[in-house]
Amino acid sequence: MAEPSRTGDDAEFGGSSGAWFGVVDITPDEPLVLAGFSGRHRVSDGVHSRLEANHVFVRTSDRRHLVVAVDLLYGGVLGGRLATELQGLVAADEITICA
């Protein structure tokens, strides 16, 4: 797992400008029903490759934006959940999800 790295005025989001990067392992702990092909109708039997969520948060003196790239087939539901979790730090229209 890579350690988050930062550039900018300080190590917190409160600085006037900068960019903050990070990686989070999002591999499920439990077996899940497989998806992606119409012929899959079974539960996973192990982990072939770990899944990640990579992010970059960029802030200038007057703008900020969070970009999150996830190893998922569909990340559409994450925007609202992230906006709720990060309320006060990042608004929903400042988040881009890439799946």
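Above this text you will find the structure in question.
**With respect to the overall build of the chain**
Across its full length, the chain holds one helix and five strands. Secondary structure elements of the chain, listed N to C terminal, follow the sequence β-β-β-β-α-β. By element, 54% of the accessible surface of the chain is carried by carbon and sulfur atoms, the whole surface being about 7,200 Å².

**Observations regarding the pairing of strand β4 (residues 64–70)**
Note: strand β3 (residues 52–59) against β4, seven bridges, orientation antiparallel. The residue of β4 that forms the bridge with valine 58 is histidine 65. Here β4 pairs with strand β5 (residues 95–98) via four bridges, running parallel. Bridge pairing in β5 links alanine 69 to cysteine 98.

**A word on the layout of surface pockets**
As a volume, the largest pocket reaches approximately 770 Å³. Forming the boundary of the largest pocket are 24 residues, of which Pro28, Leu32, Leu34, Ser44 and Leu51 lie nearest the centre. Looking at side-chain class alone, the lining of the largest pocket contains twelve nonpolar, six polar and six charged residues. There is about 320 Å³ of room inside the second largest pocket. Along its surface, the second largest pocket is lined by 17 residues, and His55, Leu66, Val68, Leu82 and Leu86 are the ones closest to its centre. For the lining of the second largest pocket, the elements supplying multiple residues, two or more each, are β3, β4 and α1 (78–85). The dominant element in the lining of the second largest pocket, judged by the number of residues it contributes, is α1, at four residues. Counted by class, the lining of the second largest pocket contains 14 nonpolar, one polar and two charged residues.

**A few points about the nonpolar core**
If you look at the biggest cluster of nonpolar residues, it comprises nine residues: Trp20, Ala53, Phe57, Leu66, Val68, Val70, Ala83, Val90 and Ile95. Elements with a contribution of two residues or more to this core: β3 and β4. Broken down by element, this core gets its largest block of residues, three residues, from β4. In this view, leucine 66 contacts His55, Val56, Phe57, Leu86, Val90, Glu94, Ile95 and Thr96; residues no more than four positions away in its chain are not counted.

**Remarks on the packing of aromatic side chains**
Scanning all chains against the criterion turns up one aromatic pair. Ring geometry for tryptophan 20 versus phenylalanine 57: centroids 5.6 Å apart, planes at 50°, classification tilted. Placement of the pair is tryptophan 20 in strand β2 (residues 18–25) and phenylalanine 57 in strand β3, with a sequence separation of 37 residues. Judged by relative accessible area, tryptophan 20 falls into the buried class, the value being 3%.

So, how was this worked out
- Residues numbered from 1 in each chain as written.
- Predicted model: local features only at pLDDT ≥ 70, side-chain atom pairs only at ≥ 80, totals over all residues.
- Heavy atoms only, no water.
- Helix = DSSP H or I, 4+ residues; strand = E, 2+ residues; numbered from the N terminus.
- Areas by Shrake-Rupley, 256 points an atom, 1.4 Å probe, with all protein chains shown as cover.
- Pairing = 2+ DSSP bridges.
- 1 Å grid on protein atoms, 1.4 Å probe; cavity = no way out; pocket = protein on both sides within 12 Å on 5 of 7 lines; lining within 4 Å.
- Points joined across faces, edges and corners; volume = space filled by probe spheres on them.
- Nonpolar A, V, L, I, M, F, W, Y, C, P; charged D, E, K, R; others polar.
- Core = buried A, V, L, I, M, F, W, Y, C linked by side-chain atoms within 4.5 Å.
- Buried < 20%, exposed > 50% of the residue type's maximum accessible area, 1.4 Å probe, protein only.
- Contact = heavy atoms within 4.5 Å.
- Phe/Tyr/Trp six-rings, centres within 6.5 Å; stacked < 30°, edge-to-face > 60°.

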